[in-house]
Protein chains: 2
Amino acid sequence: MRIPVELSKAYRLLNHGPTVLVTSAASGRTNVMAAAWNMALDFMPCKVAVVIDKNTYTKQLVDESGVFALSVPCRAQAQATVDVGSISANDLPDRDKFAKCGIIPFASSLIDVPLVEGCVAWLECRVIVEPRNQERYDLYLGEVVAAWADDRVFSDGRWHFEGFDELRTIHYVAGGQFFATGDVVEATKK
Amino acid sequence: MRIPVELSKAYRLLNHGPTVLVTSAASGRTNVMAAAWNMALDFMPCKVAVVIDKNTYTKQLVDESGVFALSVPCRAQAQATVDVGSISANDLPDRDKFAKCGIIPFASSLIDVPLVEGCVAWLECRVIVEPRNQERYDLYLGEVVAAWADDRVFSDGRWHFEGFDELRTIHYVAGGQFFATGDVVEATKK
């Protein structure tokens, strides 16, 4: 079941460094791309950073709308994640990467951008406009305004993947290769 | 054995989202902190982004020297990583977090900042000065000028952890809990 995540704990959805899908929408057009280059940037208000290349259709839509969403894909979606990372909407006649890559969108709660069905966490973001970062570094900052998780693997502020191997998050390296999120390692916080 | 990593492939050391140790040095003083909030920012020249809180001693040293290094710790170093993330050098009489946390430094190649012994990858970085990011978001950008890896787990631009479980990289969540980097998931890049 999709449950809301407290914004003060939303950073934990990205803290372990998963690859994400970035969705965008403007003027009735939508897009989705993959981004290994993302991170949390602040606890509260929760902020994130993500690299959106200047040649992407996503950049056009995000610049127009001022919003984007991050969906955290799972192991079962590794192929779709590579596909959306390899194909540019600019090269498709209808620019419909969702259909091309078998990505099923659903409506977000607070921003007018689709989220991705089958993912295990979602963050709805408003761009914190920083033109120099955006133009010089392809670096976008966002404030998280709503966050969600699949409660089979995230609840009470914690990920718990035991028994749900296909729902483990994925971490891209290169050439189609990911690592799945692995074993829990516990240290003592004094 | 510690081997050099081509700068064009250095992003792969961070691409899968491991938590890193940030080391710094200035005027004969040194420090180390942990940072889950890091990411690659560009391929070539290789750039990285990392969040360095304004209240940290690390920030003082990095602002003074204009350089920092990232060392990528492994599973065997999970406790030390939590320790350096929990203790502030500002609270230690001698400000020596290395000794306090059992962190053994060694010399880097191109910048005057220690790297951390026992880690599995290292990136030597020069700050790309962006005062607004640094002051407003605690966000530091760096150009990677040298990179290294332990060839038991990274060579020819690929991580390969099989047979070296204690050398798997780690991904922090919260409260002392990490995930180790898990199984390889292969997708087809068309």
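Structure report, in brief. Quantities reported herein were computed from a predicted structural model and do not represent experimental measurements.

1. Considerations on the overall build of chain A
Then, number 1: Secondary structure assignment for chain A yields four helices and 14 strands.
Then, number 2: For chain A, whose C-alpha radius of gyration is 16 Å, the value lies close to the compact-globule estimate of 16 Å for 190 residues.
Then, number 3: Across its three principal axes, chain A shows a C-alpha extent of roughly 50 × 30 × 30 Å.
Then, number 4: Burial status across chain A gives 62% buried among its 190 residues.
Then, number 5: In chain A, of all internal contacts separated by at least 6 residues, the share reaching a separation of at least 24 is 65%.

2. Some points on the packing of aromatic side chains
Then, number 1: Per the counting criterion, the structure on display carries 16 aromatic pairs over all chains.
Then, number 2: Pairing F106 of chain B with W122 of chain B gives two aromatic rings, centres 5.7 Å apart and planes at 80°, and the pair type is edge-to-face. Highlighted residues: F106 of chain B in strand β7 (residues 105-107) and W122 of chain B in strand β9 (residues 121-128), separated in sequence by 16 residues. Just as F106 of chain B is buried, W122 of chain B falls in that class too.
Then, number 3: Aromatic rings pair up to connect F154, W159 and F161 of chain A together with F179 of chain B into one cluster.

3. A short note on the sheet that holds strand β14 (residues 177-186) of chain B
Then, number 1: Spatially, β13(A)-β14(A)-β14(B)-β13(B) is the arrangement adopted by the four strands of the open sheet, whose pairing is antiparallel. Bordering the open sheet on either side are β13 (170-174) of chain A together with β13 (170-174) of chain B, each of which pairs with just one other strand. Along the sheet, successive strands turn relative to each other by an average axial angle of 40°, direction set aside.
Then, number 2: In this sheet, β14 of chain B lies alongside strand β14 (residues 177-186) of chain A in antiparallel orientation, the contact comprising seven bridges. Of the residues in β14 of chain B, the one forming a bridge with E186 of chain A is Q177 of chain B.

4. Considerations on the pairing of strand β6 (residues 67-72) of chain A
All names here are of chain A.
Then, number 1: Burial analysis of β6 places six of its six residues in the buried class, which makes it a mostly covered element.
Then, number 2: The two faces of β6 match: V67, A69 and S71 on one face and F68, L70 and V72 on the other face are all buried.
Then, number 3: Bridge analysis of strand β2 (residues 20-26) against β6 gives three bridges, and the strand direction is antiparallel. Looking at the pairing, T23 lines up with A69 of β6.
Then, number 4: Sheet analysis places β6 next to strand β9 (residues 121-128), joined by six bridges and oriented antiparallel. For V72, the partnering residue across the bridge sits in β9 and is A121.

Parameters at a glance
Residues numbered from 1 in each chain as written. Chains lettered and ligands numbered in written order. Predicted model: local features only at pLDDT ≥ 70, side-chain atom pairs only at ≥ 80, totals over all residues. Heavy atoms only, no water. Helix = DSSP H or I, 4+ residues; strand = E, 2+ residues; numbered from the N terminus. Rg over C-alpha atoms; globule rule 2.2 N^0.38 Å. Buried < 20%, exposed > 50% of the residue type's maximum accessible area, 1.4 Å probe, protein only. Contact = heavy atoms within 4.5 Å. Phe/Tyr/Trp six-rings, centres within 6.5 Å; stacked < 30°, edge-to-face > 60°. Pairing = 2+ DSSP bridges. Axes fitted to C-alpha atoms, helices over the stretch in contact; angles between N-to-C directions.

Any functional reading would require information beyond the geometric quantities listed.
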